[in-house]
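# Breakdown of the fold
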Amino acid sequence: MHGSCVARDGDGILMVGPSGSGKSDLALRLLSRGFELVADDQVDIADGIASCPAELAGLLEARGIGIVRLPNRPQARLALIVALDGSADRLPEPRRHPELGLPVVRIDATAASAADKVVLALDCALGRISQVAGAFVA
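Let us look at the structure shown here. What you see is a predicted model, and the numbers here were worked out from it, not measured in a lab.

Basis of the calculations
Residues numbered from 1 in each chain as written. Predicted model: local features only at pLDDT ≥ 70, side-chain atom pairs only at ≥ 80, totals over all residues. Heavy atoms only, no water. Buried < 20%, exposed > 50% of the residue type's maximum accessible area, 1.4 Å probe, protein only. Helix = DSSP H or I, 4+ residues; strand = E, 2+ residues; numbered from the N terminus. Pairing = 2+ DSSP bridges. Arc of directions from axis to C-beta. Contact = heavy atoms within 4.5 Å. Lys, Arg positive; Asp, Glu negative; His and termini not counted. Salt bridge = Lys/Arg side-chain N within 4 Å of Asp/Glu carboxyl O. Polar contact = N/O pair within 3.5 Å; in protein donor to acceptor, adjacent residues only side chain to side chain. Expected span 1.5 Å × (residues − 1).

### Some points on the pairing of strand β2 (residues 11-16)
Here β2 lies mainly inside the structure; 6 of its 6 residues are buried. Neither face of β2 is open: one carries D11, I13 and M15, the other G12, L14 and V16, and all of them are buried. Across 5 bridges, strand β1 (residues 2-8) lies against β2 in antiparallel orientation. Pairing of A7 across the sheet is with G12, part of β2. Where β1 folds back on β2, the antiparallel hairpin that results is connected by 2 residues, among which D9 adopts a positive phi of roughly 55 degrees. With 6 bridges connecting them, β2 and strand β8 (residues 75-83) associate as parallel partners.

### Topic: helix α1 (residues 23-31)
Every buried residue of α1 is accounted for by K23, S24, L26, A27 and L30. The arc enclosing the buried residues of α1, seen along the axis, measures out at 160 degrees, which places them on a common side. Looking at the buried residues of α1, the elements they touch are β1, β2, β3 (36-42), β6 (59-62) and α2 (114-125).

### Points about the side chain of D40
Within the secondary structure, D40 sits in strand β3. Although D40 is buried, it forms no salt bridge, and the closest oppositely charged side chain is K23 at an N-O distance of 7.4 Å. In this structure the side chain of D40 is engaged in a polar contact, spanning 2.6 Å, whose partner is the side chain of S24. Apart from the residues lying within four places of it in its own chain, the contact partners of D40 are G3, S4, S24, L56, L59, L60 and E61.

### Description of the pattern of salt bridges
Overall, the coordinates contain 7 salt bridges when judged by the stated rule. A salt bridge links R73 to E36, with the shortest nitrogen-to-oxygen separation between them at 2.9 Å. Taken together, the positions of R73 in the loop between β7 (66-69) and β8 and E36 in strand β3 put the pair 37 residues apart, joining distant regions of the chain. Relative accessible area serves as the criterion here: at 32%, E36 is assigned to the partly exposed category. Beyond isolated ion pairs, a larger network of salt bridges with shared partners links R8, D11, D123 and R128.

### A look at α2
With 12 residues, α2 should reach 16 Å at 1.5 Å per residue; the first-to-last C-alpha distance of 16 Å fits that figure. Along α2, the positions that sit buried rather than exposed are A114, A115, V118, V119, A121, L122, D123 and C124. Contacts made by the buried residues of α2 are with β1, β2, α1, β8 and β9 (104-106). Backbone geometry just downstream of α2 places G127 in the positive-phi region, at approximately 80 degrees.

Structure, rendered in structure tokens:
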């Protein structure tokens, strides 16, 4: 699947969107918040587990710098999908990915708070934080 994946404590976030939507950039920002790189550009998914094709393991494209090799985690159990399409609903309805069955949130990767919103969304998806209204209200 075209996307990027990072993980915290083994819980994976799959970021998807068109080329240039900010997947790798957002992954880089999440790495600075304690996440681990699983895959950038291409993500293999089997039974809810994300991993990286061997030839791309540890590689991340940082626009304006190039492709760098970083420490990486071999796999992570997916918990959340973040769709980067340049828009975000103010109070989104709960959505699930049709094939993977995981919760999906739409985030504008260019927003200064994008990485913080992804961290918050992961905590909501895992039940660590409760929500009154929005994407994770049952």
